[in-house]
Amino acid sequence: MASSANAAPEGIFTPLDTDLYKLTMQCAVLKFFPNVKVIYSFTNRTEEKKLTRAAFNWLQEQISRLANLQVTDEEIDWLQKTCPYLGSTYLDYLRSFRFKPAEHIVATFAPENVTDTTDDSALGQVNLSIEGLWLETILYEIPLLALTSEAYFKFVDQEWSHAGQVANAKRKCAQLIENGCTFSEFGSRRRRDYATQDMVMTGIMQAVADADKAPPVDEKLPGRSFSQGKFSGTSNVHFAMKYGCAPIGTVAHEWTMGIAALNDDPAGANELALQYWVRTFGRGVLAIALTDTFGTETFLRSFVKPAAYGDDEVATNRSTTSDRATYADVFTGVRQDSGDPLDFLSRMKDFYISQGILSPGSLNAPRKTIVYSDSLNTQKCIKYARATEEAGLTPSFGVGTFFTNDFVRQPAATAGGNAAQKDINEGAREGHQADGEKSSPLNIVIKLREVEGRSAVKLSDDIGKNMGDEDAVFRYKSAVGYRDHSWEGADERNRWT
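Reading the values: rules and limits
- Residue indices begin from 1 for each chain and proceed along its sequence in written order.
- Per-residue local features of the predicted model are confined to residues with pLDDT of at least 70, and side-chain atom pairs are confined, for both listing and counting, to 80 or more; whole-chain, interface and lining totals are unaffected and use all residues.
- Derived side-chain values reflect all non-hydrogen atoms in the structure, with water molecules and hydrogen atoms excluded from consideration.
- Runs of H or I in DSSP of at least four residues are treated as helices and runs of E of at least two as strands, each being numbered from the N terminus.
- Note on contacts: a residue pair is in contact if any heavy atoms of the two residues lie within 4.5 Å.
- Only strands that DSSP links by at least two bridges are regarded as paired with each other.
- To get an axis, a line is fitted to the C-alpha atoms, and for a helix only the part in contact is used. The angle between two axes follows their N-to-C directions and goes from 0 to 180 degrees.
- The aromatic pairing rule takes the rings of Phe, Tyr and Trp, using the six-membered ring of Trp, and pairs them if the centres are within 6.5 Å, calling planes under 30 degrees apart stacked, those over 60 edge-to-face and the rest tilted.
- Buried means the residue's accessible area, taken with a 1.4 Å probe over protein chains only, is under 20% of the maximum for its type, while exposed means over 50%, and partly exposed covers the values in between.
- N or O atoms within 3.5 Å of each other form a polar contact, as long as, within protein, one can give a hydrogen and the other can take it, and as long as residues adjacent in sequence are counted only when both atoms are side-chain atoms.
- Values of pLDDT, which run from 0 to 100, indicate the predictor's confidence residue by residue.
- To estimate how far a helix should extend, the number of its residues minus one is multiplied by 1.5 Å.
- By nonpolar core is meant a set of buried Ala, Val, Leu, Ile, Met, Phe, Trp, Tyr and Cys residues that side-chain atoms within 4.5 Å join together.
- Where each domain starts and ends follows an automatic or database-derived domain assignment.
- Any carboxyl oxygen of Asp or Glu that lies within 4 Å of a side-chain nitrogen of Lys or Arg is treated as forming a salt bridge with it.
- For the purpose of charge, His is not counted, nor are the chain termini; Lys and Arg are scored as positive and Asp and Glu as negative.

(A) Highlighting the overall build of the chain. The secondary structure content of the chain amounts to 20 helices and 14 strands. In the chain, once contacts between residues fewer than 6 apart in sequence are set aside, the share between residues at least 24 apart is 82%.

(B) Expanded view of the sheet that holds strand 6 (residues 230-234). Spatially, 6 strands are ordered 6-5-10-9-8-7 in an open sheet, and the strand pairing comes out parallel. Only two strands of the sheet have a single neighbouring strand rather than two, namely strand 6 and strand 7 (288-290). Sheet twist, expressed as the average angle between the axes of neighbouring strands with direction ignored, equals 25°. Looking at chain direction, strand 5 (residues 182-185) and strand 10 (residues 394-399) are connected through 3 bridges and run parallel. Note that in strand 10 the partner of Ser-184 across the bridge is Gly-398. Set on the sheet, helix 17 (residues 378-390) makes contact with strand 9 (369-372) and strand 10; between it and strand 10 the angle comes to about 160°.

(C) Region of interest: the packing of aromatic side chains. Per the stated rule, a full pass over the model turns up 32 aromatic pairs. A centroid spacing of 6.3 Å and a plane angle of 55° characterise the contact between Trp-58 and Phe-155, whose relative ring orientation is tilted. Taken together, the positions of Trp-58 in helix 2 (residues 53-65) and Phe-155 in helix 7 (residues 141-155) put the pair 97 residues apart, joining distant regions of the chain. According to the relative accessible area criterion, Trp-58 is buried, its value standing at 10%. Ring geometry for Tyr-93 and Phe-97: centres 6.1 Å apart, planes at 55°, overall tilted.

(D) View of the side chain of Asn-466. Looking at where Asn-466 falls in the secondary structure, it is placed in the loop between strand 14 (454-455) and helix 20 (470-480). Classification of Asn-466 as buried rests on a relative accessible area of 19%. At 2.7 Å, the side chain of Asn-466 forms a polar contact with the backbone nitrogen of Ser-460. If we ignore the near neighbours within four places in the chain, the residues touching Asn-466 are Lys-458, Leu-459, Ser-460, Lys-477, Tyr-482 and Asp-484.

(E) The pairing of strand 13 (residues 444-451), seen in detail. Most of strand 13 is tucked away: 6 of the 8 residues are buried. Pairing of strand 1 (residues 37-44) with strand 13, which is carried by 7 bridges, proceeds in the antiparallel orientation. Residue pairing across strands places Val-38 opposite Val-451, the latter belonging to strand 13. One ladder, built from 2 bridges, connects strand 13 with strand 14; its direction is antiparallel.

(F) Quick peek at the confidence of the model for the chain. Mean pLDDT for the chain: 90, with 87% of residues reaching 70 or above. A low-confidence stretch, residues 220-224 stays under pLDDT 50, and its non-local contacts, those more than four residues away or across chains, total 4 contacts.

(G) Looking closely at helix 12 (residues 266-281). The end-to-end C-alpha distance of helix 12 is 23 Å, a good match for the 22 Å that 16 residues give at a rise of 1.5 Å each. Every buried residue belonging to helix 12 is among Pro-266, Ala-269, Asn-270, Ala-273, Leu-274, Tyr-276, Trp-277, Val-278, Thr-280 and Phe-281, and all of these are buried. Taken together, the buried residues of helix 12 touch helix 1 (20-32), helix 11 (253-263), strand 7, helix 13 (296-303), helix 15 (327-330) and helix 20. Note on helix 12: the residue one or two positions beyond its end, Gly-282, has a positive phi of about 95°.

(H) Inspection of helix 17 at higher detail. For helix 17, with 13 residues, the first-to-last C-alpha span of 19 Å sits near the 18 Å given by 1.5 Å per residue. Thr-378, Cys-381, Ile-382, Tyr-384, Ala-385 and Thr-388 are the residues of helix 17 that are buried. In this fold, the buried residues of helix 17 make contact with helix 8 (165-178), helix 16 (341-354), strand 9, strand 10 and helix 18 (401-404). Near the N-terminus of helix 17, the side chain that reaches the backbone nitrogen of Gln-379, with its oxygen 3.2 Å away, is that of Asn-377.

(I) View of the nonpolar core. Core analysis: the biggest nonpolar cluster contains 138 residues, and Trp-255 and Phe-303 have the highest contact counts within it. If you tally residues by element for this core, the top one is helix 1, at 8 residues. Shared between two domains, this core takes at least three residues from each, and those domains are domain 1 (20-160 + 445-458) and domain 2 (165-314 + 323-408). Excluding residues that lie within four positions of it along the chain, Trp-255 makes contacts with Met-25, Ala-28, Val-29, Phe-33, Trp-134, Ala-273, Tyr-276 and Trp-277.

(J) Summary view of the environment of Cys-381. With respect to the helices and strands, the residue Cys-381 is situated in helix 17. For Cys-381, a relative accessible area of 0% gives the class buried. The sequence separation of Cys-381 and Pro-395 amounts to 14 residues, and the corresponding C-alpha distance is 8.9 Å. Setting aside residues no more than four positions away along its own chain, Cys-381 makes contact with Leu-176, Cys-181, Leu-376, Phe-397 and Val-399.

(K) Main features of the environment of Ala-456. Here Ala-456 lies in the loop between strand 14 and helix 20. Sequence-wise, Ala-456 and Asp-264 are 192 residues apart; in three dimensions their C-alpha atoms are separated by 9.4 Å.

(L) Inspection of the pattern of salt bridges at higher detail. Within this structure, the stated rule accounts for 27 salt bridges. Of the charged contacts, one joins Asp-210 and Lys-213 as a salt bridge, the two residues approaching to 3.9 Å between their closest N and O atoms. Highlighted residues: Asp-210 and Lys-213, both in helix 9 (residues 194-213), separated by 3 residues, approximately one helical turn. Owing to a relative accessible area of 35%, Asp-210 belongs among the partly exposed residues under this scheme. Since its relative accessible area comes to 65%, Lys-213 is described here as exposed. Among the salt bridges present, the one from Glu-437 reaches Arg-409, with a minimum N-O distance of 3.5 Å. Here the residue Glu-437 occupies a position in the loop between helix 19 (419-425) and strand 12 (438-439), and Arg-409 occupies one in the loop between strand 11 (407-408) and helix 19, the gap between them amounting to 28 residues. Three or more residues are tied together by salt bridges with common partners; here these are Asp-19, Lys-22, Glu-141, Arg-189 and Glu-254.

(M) How the structure looks around the side chain of Glu-150. Mapped onto the fold, Glu-150 is located in helix 7. For the buried Glu-150, no salt bridge is present, and the opposite-charge side chain at shortest range is Lys-154, 5.3 Å distant.

(N) Broad picture of the environment of Asp-406. Mapped onto the fold, Asp-406 is located in the loop between helix 18 and strand 11. Taking C-alpha positions, Asp-406 is 7.3 Å from Ser-440, a pair spaced 34 residues apart along the chain. A distance of 2.7 Å separates polar atoms of two side chains, one belonging to Asp-406 and the other to Lys-438.

Dropping the structure here:
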């Protein structure tokens, strides 16, 4: 039986228990698309991992409880100080925002055996559909994914324990910092439960405190060619507030997917998405671009277009020089989320050189950033960090499931007890997660399916992540000149095993 931390809440208890980019996108939707209707759909890429009816019933109850949540005055005050780019208009809207699950969400359970209509132990597939205004439904994704994962590990895979999670996170964080990696915690959507993410943040902050107290690293030591790394923050807004660190995030695929479907123009969607984004937040703000909504090759054709200005940026700031700036100039960097990371790095290096942004051998030119966020662990981060530095670019990492759902199986007889609370109190222990058979995470996603009745599509840098209606996918591929890509390192069904 899985252990649980006595002090940790069950389910979701604040709308800010979500990723920052959901708030930033909601802010942009409020500005430009407040009356657009959408449908989201749920996909379990690990189809063999089914929920029981008892797990589904718990999930339904947790979904209904979302209706009781609202952002507090204290949270709004914190957002005003920490995220000024969100602006007063959006924060006024967020203050009054309420989930309406009874109106927006249809959740169904399809048992393997159709005759199992009452058995709580019956296994089956869960289907979730979210429908309504984009503005009102955009915040469901992260809570629903986190709740579905929690339901599975609460009722189905129970042979695990929270014990060791603080020490495990502390060890990973220390290793990343020692090896020059700048990274954020990015694990809300597939976390085992709230208690796990809370423990992970505890361990990370302990490692950060230890690193801050340690003597400065001599970067001129023989064999050392990298600076000391750092923890930049967490994507989870609630935990950023709780632990006093920065909330991290910019935009997700749904922004460009939604604009493409709404305008029925996949070829022009990347440029339009960039334009609306900059108009909302201004140049150089929340300026990490996501390249693989319709393939990076397609995106780069838009990245060289003249950049828009923020709607609030005054004309006197628009110098002749900056008026010629492209999106590649004004964005801090790009995020890699599918395909071969090293191929992506090579492509971006060549691109920035071709645009005169990166000068090989130059020590003084501002360096663009590549944020890696696809199925990372410490070894991958270190490998990609070295390669990115050598290419003359700045590496950064969004590390998610490796932090918040990294468990091994334990016999039911030893998985219970108060180990979780003990680990919270004694989180500085040395050591790490015991070796053994992995209790692997669910690979679940929620993506836009329709926008105003038109199919939404995603064409990533790996074919395993492509999504959408078959006819629409074919039409999008033709419109943008997309070529199928596959990467031997990608396996959507066994991503973290």
